[in-house]
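# Remarks on the overall topology
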Amino acid sequence: MSHDGVGSRAVLRATAFLTAGALAVPLLAGCGSDEKASRPLAGQDIAQATRDKVAEGGTVKWAVDALPETLNAYQADADAGTTRVAQATLPSMFQLDANGRPAVNPAYLESAKVIETEPRQVVLYKLNQQAVWSDGREIGAADFVAQWRALSGKDSAYWTARNAGYDRIAKIERGASDLQVRVTFSRPYADWKSLFSPLYPKDVMGTPDAFNDGARRKLRTTAGPFKVEKVDTAAKDVVLTRNPRWWGQPAKLDQITLHTVSRENRAAALAEGTVDIADIDAAEAGRIRAATGGAGAGSPLVGGGKTSAKKLRSWALAHGLESRKVAHAGQKKLRKAITRYLEEQEALRSFDVRKSLEPAYTQLALNGAGGLLADERVRRAVARALDRKELAKLVLTPLGLPAEPVGSHLALSGQPAYADNSGALGGQDTKEAQALLADAGWVPGGPVKTEKKADKAAGPESSQDDEDRSEGGKDGEYIVGEDDKNHDGSDDKNEHGDGSGRHLAQDGKQYSGQGGAPGAYAPKGTAAPAGAVNGPLAKDGQALNLRFVLPTGAGSETLNTVAGRISAMLEKVGIRTTVVKVPDESYFKDHIAAGDFDLALYSWPASAFPATDARPIFAKPAPAADGSVNVEQNYTRVGTDQVDQLFDQAASTLDEDESRDLIRKADTRIWAAAGSIPLYQRPQLVGVRKTLVNAGAFGFQTPVYEDMGFLKKGAKAVPSPSKS
């Protein structure tokens with residue numbers, strides 16, 4: 001999992017639903033069924049080529065972050081590598097199209113549809129008569145039954161990550177023939193298309209022991225264009241080879257090897273030929289573009305070794321060589337590092353950058369469990385201070401990608417449920433943000449209790465230890481705006497102390513709306529502070545200071561740049577931030593999931609089934625039997641009964657239009673609560689060998705592994721949309 005995102009398999013599907021109809025939810029503004037459908041902001045970039053132009057044979061080496069801990073996608077430690085293996089080797093009844101919508105997978109299904117709704121929902125699957133497992137057995141009802149029983153949640157001996165949807169199945173039986181499977185539900189389930197994708201064979205799902213341990217490092221029985229040849233823990237490879245029993249178009253490649261390469265070593269791995277395709281960051285994409293652009297990097301290694309170490313160091317830093325390796329290096333080491341860099345640049349001329357927008361969005365998360373952000377007026381003030389368009393441009397425009405802020409928590413542009421519901425909260429408005437803060441009791445120039453200069457604003461790791469602190473605070477921590485010593489009353493910068501406070505989250509006080517959903521604005525008549533804030537915003541002796549937790553390490557540069565711009569925007573309305581940088585490996589587990597932050601940046605993947613997949617992300621935290629609070633995946637700890645009910649209703653109707661409209665209403669409520677602020681769709685940058693086709697930045701669409709391969713000599717692919 002990347003530090004700024006949550007992998008697509010990490011969105012654990014909810015395990016419980018509230019009963020529908022408990023509350024009457026007022027109709028919120030939304031789009032009608034006759035509206036014009038949205039389109040994806042960016043299309044696929046995969047160097048598309050017809051199969052007749054693709055050579056037979058060859059091996060593709062594909063970079064992954066880590067060797068998968070398990071090949072069972074329904075276990076808690078499944079990751080992106082697990083998903084890749086499942087896509088290439090296992091049946092999926094439905095796959096996603098270019099708009100992120102589920103479509104019948106003809107390799108396995110002739111059809112699948114709801115054939116009865118009363119007295120119960122019944123779905124009839126008609127299987128492709130050629131579909132067989134790699135051991136020769138037909139795919140059939142026995143496999144569906146085994147998977148249902150394993151994932152239903154009724155047997156705790158199965159160590160499953162989720163059971164949403166499977167817990168609504170009453171029975172599964174053979175239809176009129178062995179090629180038909182009838183699934184009867186105990187309760188209506190709108191997202192039935194999410195089930196049995198992937199489908200594992202009954203020998204994996206049939207017993208708890210087989211489920212828990214049988215498919216972690218091996219997968220003997222498969223039913224895709226590829227099969228799992230081996231998992232090589234020494235080389236950190238997963239080797240996939242052609243499945244000789246595959247009944248569809250045969251795979252063009254002989255082999256796909258998923259090879260572990262750390263994020264910071266991707267460009268070097270491409271250059272060395274260790275991998276042919278790898279997800280990369282903006283800096284690595286820049287290297288490839290510089291290499292293929294013809295201008296070259298130029299070489300400072302001229303003059304018979306007379307170039308000074310100072311000039312070599314300056315050149316190295318300007319070209320992105322790691323500062324920790326060159327900052328104090330002597331001339332000999334510098335020349336060696338630069339020589340290696342230039343050799344890599346020459347090798348990178350054989351690669352392209354294929355780019356699209358990933359089906360995921362980056363958000364600003366606001367922890368509403370306690371502290372200053374438990375007051376939703378303060379959360380809304382944070383949101384109203386942000387220029388989301390500017391933040392999207394900051395990240396996407398330099399990459400040549402569409403820079404549109406995301407308007408929904410629950411879908412992305414192109415998906416049926418997408419609608420821009422951000423108006424429920426309102427756009428950037430400095431005066432409105434200041435008015436919200438004033439209404440919450442935060443006033444400029446108020447008395448502030450004396451505290452140590454760099455104490456943390458909030459969170460369980462607050463410390464009074466002054467050791468190892470610099471003027472800006474503890475190592476890895478600094479207070480935005482702390483160096484602003486001069487204030488003439490003409491600008492928006494001002495000094496703030498820090499503070500903390502804990503009280504229970506509130507469920508949405510309602511204020512009179514001014515063009516948005518109730519509660520999105522300060523009460524009518526609340527005046528914004530005139531001119532610049534003349535002193536620290538304070539309340540009850542406490543300064544308004546939020547603790548902004550960020551990751552460090554490879555790939556974190558973009559998040560840190562965005563955070564810096566956000567902090568500057570907040571400073572203009574009188575909100576001080578203390579930035580705390582933590583190691584990648586502890587960022588999510590020890591800070592986001594643990595609730596040790598006020599503000600944070602991380603990403604969620606989009607789902608074709610938001611009523612199921614998004615519910616645990618936005619569900620209202622509830623008391624657990626042991627006295628703790630169960631937040632599921634709602635790490636902001638902000639939720640409402642109304643949102644929970646809307647998710648439940650959306651999951652329980654078989655009317656697709658009604659389900660879509662309920663999802664949009666839920667999104668409007670989520671915006672109004674201001675627990676998370678979607679910013680931009682994440683860029684998807686992939687370094688790919690130029691001759692490799694039908695692979696790259698896939699966008700929403702499920703990859704077609706059997707069509708991937710290398711171009712025949714003299715053949716040409718469809719021009720990339722990023723180059724047209």
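Residues numbered from 1 in each chain as written. Predicted model: local features only at pLDDT ≥ 70, side-chain atom pairs only at ≥ 80, totals over all residues. Heavy atoms only, no water.

### Brief notes about the overall build of the chain
Rules: Runs of E in the DSSP output that reach at least two residues are strands. Runs of H or I that reach at least four are helices, and both are numbered from the N terminus. Between buried and exposed lies partly exposed: a residue is buried under 20% and exposed over 50% of the maximum accessible area for its type, with that area taken using a 1.4 Å probe on protein chains only. Every residue pair with non-hydrogen atoms within 4.5 Å of one another is taken to be in contact. For the area figures, the Shrake-Rupley method with a 1.4 Å probe applies, and any residue is considered shielded solely by the protein chains shown.
Per the secondary structure count, the chain includes 18 helices and 26 strands. Expressed as a percentage of the 724 residues in the chain, the buried residues total 53%. Considering only contacts within the chain whose residues lie at least 6 apart along the sequence, 74% involve residues at least 24 apart. Accessible surface for the chain amounts to roughly 30,200 Å². Of this, 49% is attributable to carbon and sulfur atoms.

### Points about the sheet that holds strand β17 (residues 537–539)
Short version of the rule: Strand pairing is assigned whenever DSSP detects at least two bridges linking the two strands.
Ordered in space as β13-β17-β18, the three strands form an open sheet in which the pairing is antiparallel. Each end of this open sheet is capped by a strand with a single partner; those strands are β13 (443–444) and β18 (542–543). When β13 meets β17, the two strands line up antiparallel, connected through two bridges. Opposite Val 443, over in β17, you have Ala 538 as the bridge partner.

### A short note on the packing of aromatic side chains
Definition in use: In this scheme Phe, Tyr and Trp rings, the latter by its six-membered ring, pair at centre separations within 6.5 Å, and the angle between planes marks the pair as stacked below 30 degrees, edge-to-face above 60, and tilted otherwise.
This structure, assessed with the given rule, holds 19 aromatic pairs. Measuring from centroid to centroid gives 5.4 Å for Tyr 166 and Phe 196, while their planes differ by 90 degrees, and the two rings are edge-to-face. Highlighted residues: Tyr 166 in the loop between α2 (141–151) and β6 (169–174) and Phe 196 in the loop between β7 (180–185) and α3 (202–205), separated in sequence by 30 residues. For Tyr 166, a relative accessible area of 2% translates into the label buried. For Phe 196, a relative accessible area of 0% corresponds to the buried category.

### Some remarks on the pattern of salt bridges
When the charged atoms of two side chains with opposite charge come close together, those side chains can pair. Quick reminder of the rule: Within this document, salt bridges are pairs made up of a side-chain nitrogen of Lys or Arg and a carboxyl oxygen of Asp or Glu, the two lying within 4 Å of each other.
A complete count under the given rule lists 34 salt bridges for this structure. The closest approach of N and O atoms between Arg 174 and Asp 178, which form a salt bridge, is 2.5 Å. Between Arg 660 and Asp 661 there is a salt bridge whose closest N-O contact spans 3.0 Å. Residue Arg 660 is classed as buried on the basis of its relative accessible area of 13%.

### Considerations on helix α13 (residues 557–572)
The test is simple: Every helix has an expected span of 1.5 Å times one less than the residues it contains.
With 16 residues, α13 extends 23 Å from end C-alpha to end C-alpha; this agrees with the ideal 22 Å at 1.5 Å per step. Two residues or fewer past α13, Gly 574 is found with a positive phi of approximately 100 degrees.

### Points about the sheet that holds strand β4 (residues 109–116)
To keep it simple, the criterion reads: Here the axes come from fitting lines to C-alpha atoms, over the contacting stretch only for helices, and the angles between their N-to-C directions go from 0 to 180 degrees.
Reading across the sheet, the four strands line up as β4-β5-β7-β6 and stay open at both edges, with antiparallel pairing between neighbours. The sheet terminates laterally at β4 and β6, the two strands that pair on one side only. Mean inter-strand twist for the sheet, computed between neighbouring axes without regard to direction, equals 15 degrees. Sheet topology places strand β5 (residues 122–127) next to β7; five bridges connect them, and they run antiparallel. Its bridge partner lying in β7, Val 123 is registered against Val 183. Each of β5, β6 and β7 is contacted by α2, which is oriented at about 160 degrees to β6, the strand it contacts most.

### Digging into the packing of helix α10 (residues 376–385) against helix α12 (residues 430–439)
The description of two packed helices rests on the angle between their axes and on the distance between the axes. What counts is decided by this rule: What sets the label is the angle itself: under 35 degrees gives roughly parallel, over 145 gives roughly antiparallel, 65 to 115 gives roughly perpendicular, and the rest give oblique. Crossings are classed by handedness, with left-handed meaning an anticlockwise turn of the near helix from the far one by less than a right angle and right-handed meaning a clockwise turn.
For the pair α10 and α12, interaxial distance at closest approach is 8 Å and the crossing angle is 165 degrees. Our classification of the angle between α10 and α12 gives roughly antiparallel. Between α10 and α12 lies a crossing whose hand is left-handed. Contacts from Arg 377, Val 378, Arg 380, Ala 381, Arg 384 and Ala 385 in α10 reach Thr 430, Glu 432, Ala 433, Leu 436, Leu 437 and Asp 439 in α12.

### A look at the nonpolar core
Across soluble globular proteins, you tend to see nonpolar side chains buried next to one another. Worth spelling out the cut-off: In these notes, a set of buried Ala, Val, Leu, Ile, Met, Phe, Trp, Tyr and Cys residues joined through side-chain atoms within 4.5 Å is what counts as a nonpolar core.
The biggest cluster of nonpolar side chains holds 72 residues, and the ones touching the most others in it are Met 93, Tyr 125 and Phe 196. Top element by residues in this core is α2. It accounts for seven residues. Excluding anything up to four places from it in sequence, Tyr 125 contacts Met 93, Leu 109, Ser 111, Ala 112, Phe 144, Leu 179, Gln 180, Val 181, Val 183, Trp 192 and Phe 196. Membership of the second largest hydrophobic core comes to 61 residues, among which are Val 275, Val 353, Val 382 and Leu 570.

### With respect to the confidence of the model for the chain
Formally: Scored between 0 and 100, pLDDT is the confidence that the predictor attaches to each residue.
Summary statistics for the chain give a mean pLDDT of 83 and a share of 76% for residues scoring 70 or more. Confidence over residues 483–532 falls short of pLDDT 50; this stretch has 140 contacts with residues more than four positions distant or in other chains.

### A look at the pairing of β7
With respect to burial, β7 is a largely interior element, five of its six residues being buried. Of the pairings in the sheet, the one linking β6 to β7 comprises five bridges and is antiparallel in character. Residue Lys 171 lies in a different strand from β7, and its bridge partner there is Thr 184. Once β6 ends, the chain turns through five residues before running back antiparallel as β7.

### Here we look at the environment of Pro 551
If you trace the backbone, Pro 551 turns up in strand β19 (residues 545–551). Separated by 32 residues in sequence, Pro 551 and Pro 583 place their C-alpha atoms 5.7 Å apart.

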